[in-house]
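Here's the letter readout for the chains.
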Amino acid sequence: MKNYFVLIQFILARIAFNRLAVCFFTVFLLVTLSGILSLTYGDWPKYNIDSNLPNATIVRVGDIDGDGDLDVVATSFGVSDVVWYENGGGMPPTWTKWTIDANLGGAVGAYIADIDGDDTLDVVATGNGANDVVWYKNEGGTPITWTKYIIDSNLGGAEFVDVGDIDGDTDPDVAAVGISANDVVWYKNEGGTPITWSKQTIDGNLGGAVGCHVADIDGDDTLDVVACGNSVDDVVWYKNEGGTPISWTKYTIDANLDGAWCVDVGDIDDDTDLDVVATGRTVSDVVWYENSGGPPISWTKDTIDTNLGDAFVVDIADIDLDNDLDVVATGRSADAVVWYENGGGTPISWNKYFIDANLDGANFVFAADIDGNIYPDVFATGWNANNVVWYENPSVGIKFLSNIAPTSYVLSQNYPNPFNPTTAIEFSIPKSEFVTLKIYNTLGEEVTTLVSDMLSAGSYDYEWDASNLASGVYLYRLQAGDYVETRKMVLMR
């Protein structure tokens, strides 16, 4: 391989006499051979929600107090706490920490859902040391009060938990895994006040059962369950066959993902069926499995990354709003929070971007739009750092309009113009380019940078808020590769 690589470089150098061409070809070849390239997408501003949550474990996001903005729930394995952080508004938001439970032994799993159907969000959690699965009823009030109800006090090593209407009776049920019990179970919500729960085993023999996700894998309008067996290196799914009680058929997705730990589900290849993303801690792998559709469903394993130290947790979201699903992940021993851009193609190509390379013991990751600009931000916990943090998506203000490749570069006149205080700037690029969009005053001084990112071919819209500027004429300048264009606009108060 090395000799071929050197020969290609030599031929290009002789033909083109151009070092730059050789450099670009070298990068291209490396991408082709490796399947993944680590790039700079832009700095993600990091904000602390809490810097004193011992062994911060899982973080989830939802509007707990019903005031229209997103709050945060987290668990602490170190002190057995389940807490929530009230979003006080502002940018960045201010946070008030409230305790839901200070006595859930080895608090690990957490999920936010309206369990009792009263239009307020409740919290489901697991205690790994206590072997507990519990839910906390949101009773409202200022501050909110919580009533704790036990779902199960005998799930050995209770770990991940998920919520969904498994039996199709319109109320939410709970699925969970017990890593020491090797169990995958679900709890039927029987209703009543308080709610009663019936425990039903899906699988009592999944060695080191850990990851857990509820989703309709086979498209039959019933919810199935996907899980990982950490000690047996398995990624499996269980088909919901219906019946009373529900029967389950176990199918193996992968029997050879060393240290399988976490799974998530989404339509990665945009073919309308659900694919699976998973991590293998032992081999530091992030992989995805393409759902063939079936029946029967077969799975094609594709690698996203083979070098994310102690690959731990994954989440799926359209980070760059280009209409395909990307993957966010943590590497616990690598102290890394990363996202992988779905570059499309067959097979799909992935670009690796670091959100944070220094979150000590990076543990859990979750994507949600905290600042209301439609771009998903990223939340994470640092097991060793005792931190709950969020990272602001750097593509602030830009909206992806269409992925149909234009035939030429276009920078449109802003609208409205004159404007006060917001205006929209649209532009199109015919191929993937590093794009900058900057604002200048009439003296040629840079006022602000709106865009500084690698963008895919397509059309974009940037909504610019100039409330902090004085009336006057401003220039906006788009540069994409060799293309440069400048236009005028008028801020009139």
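Above this note sits the structure.
Enquirer: Looking at this model, I keep getting lost on the overall build of the chain. Mind explaining?
Expert: Secondary structure summary: the chain contains two helices and 37 strands in total. Overall, the C-alpha framework of the chain stretches about 70 × 65 × 40 Å when taken along its three principal axes. Of the contacts made within the chain by residues no fewer than 6 positions apart, 47% connect residues no fewer than 24 positions apart. When the accessible surface of the chain is summed, it comes to about 20,700 Å², and 51% of that surface belongs to carbon and sulfur atoms. Placing the 23 positive and 74 negative side-chain charges of the chain at their respective mean positions leaves the two points 10 Å apart.

Enquirer: Quick question: what am I supposed to make of the layout of surface pockets here?
Expert: Think of a ball as big as a water molecule: rolled over the atoms, this probe shows where empty space is left. The space that makes up the second largest pocket amounts to roughly 310 Å³. Lining the second largest pocket we find 19 residues, and of these R60, Y111, H213, D315 and F366 sit closest to its centre. Among the elements of the structure, β3 (56-62), β7 (107-113), β11 (158-164), β15 (209-215), β19 (260-266), β23 (311-317) and β27 (362-368) are those that each provide at least two residues to the lining of the second largest pocket.

Enquirer: Would you mind going over the side chain of D305 with me for this structure?
Expert: Residue placement: D305 occurs in strand β22 (residues 299-305). Of note is the side chain of D305, whose polar atom sits 2.7 Å from the side chain of Y340. Side-chain polar atoms of D305 contact the side chain of K352, separated by 2.9 Å.

Enquirer: Could you clarify how one ought to interpret the sheet that holds strand β36 (residues 472-480) in this entry?
Expert: Think of a sheet as strands paired side by side through backbone hydrogen bonds, with each pair either parallel or antiparallel. If you walk across this open sheet you meet the four strands as β34-β33-β36-β37, and the pairing is antiparallel. In this open sheet, the two strands that pair with only one neighbour each are β34 (446-455) and β37 (483-491). Adjacent strand axes in the sheet meet at a mean angle of 15°, parallel and antiparallel pairs treated alike. In this structure, β36 lies alongside β37, joined through nine bridges in antiparallel fashion. If you follow Y476 over to β37, its bridge partner there is R487.

Enquirer: I'm lost on the sheet that holds strand β2 (residues 46-50) in this one. Help?
Expert: Taken in spatial order, the four strands make up an open sheet running β2-β29-β28-β27, and their pairing is antiparallel. Looking at which strands have only one partner, the edges of the open sheet turn out to be β2 and β27. Here the average twist between neighbouring strands, direction ignored, is 25°. Inspection of the sheet shows strand β28 (residues 377-382) paired to strand β29 (residues 387-391) by five bridges, in the antiparallel sense. Bridging from a neighbouring strand, A380 pairs with V389 of β29.

Enquirer: Sorry if this is basic, but what is going on with the pattern of salt bridges here?
Expert: Pairing between side chains of opposite charge can happen when the charged atoms of each approach one another. Applying the stated criterion to the full structure yields 17 salt bridges. Connected through salt bridges with shared partners, the residues D116, D118 and K137 form a single ionic network.

Enquirer: Hey, could you run me through the environment of I151 in this one?
Expert: Relative to the elements of secondary structure, I151 occurs in strand β10 (residues 146-152). Along the backbone, I151 and D169 are 18 residues apart, and their C-alpha atoms lie at a distance of 19 Å. Sequence-distant contacts of I151, that is, excluding residues within four places in its chain, are made with V124, V133, V134, W135, V174, Y187 and W197.

Enquirer: Looking at this structure, I do not really get the pairing of strand β9 (residues 132-138). What am I missing?
Expert: Regular strands place side chains that alternate from one sheet face to the opposite one. In terms of burial, β9 is largely enclosed, as seven of its seven residues are buried. Bridge count between strand β8 (residues 122-127) and β9: five bridges; the pairing is antiparallel. Counterpart to A125 in the pairing with β9 is V134. Hairpin connection from β8 to β9: four residues lie between these consecutive antiparallel strands, with N131 at a positive phi of about 60°.

Reading the values: the criteria
- Residues numbered from 1 in each chain as written.
- Predicted model: local features only at pLDDT ≥ 70, side-chain atom pairs only at ≥ 80, totals over all residues.
- Heavy atoms only, no water.
- Helix = DSSP H or I, 4+ residues; strand = E, 2+ residues; numbered from the N terminus.
- Contact = heavy atoms within 4.5 Å.
- Areas by Shrake-Rupley, 256 points an atom, 1.4 Å probe, with all protein chains shown as cover.
- Lys, Arg positive; Asp, Glu negative; His and termini not counted.
- Charge placed at Lys NZ, Arg CZ, Asp CG, Glu CD.
- 1 Å grid on protein atoms, 1.4 Å probe; cavity = no way out; pocket = protein on both sides within 12 Å on 5 of 7 lines; lining within 4 Å.
- Points joined across faces, edges and corners; volume = space filled by probe spheres on them.
- Polar contact = N/O pair within 3.5 Å; in protein donor to acceptor, adjacent residues only side chain to side chain.
- Pairing = 2+ DSSP bridges.
- Axes fitted to C-alpha atoms, helices over the stretch in contact; angles between N-to-C directions.
- Salt bridge = Lys/Arg side-chain N within 4 Å of Asp/Glu carboxyl O.
- Buried < 20%, exposed > 50% of the residue type's maximum accessible area, 1.4 Å probe, protein only.

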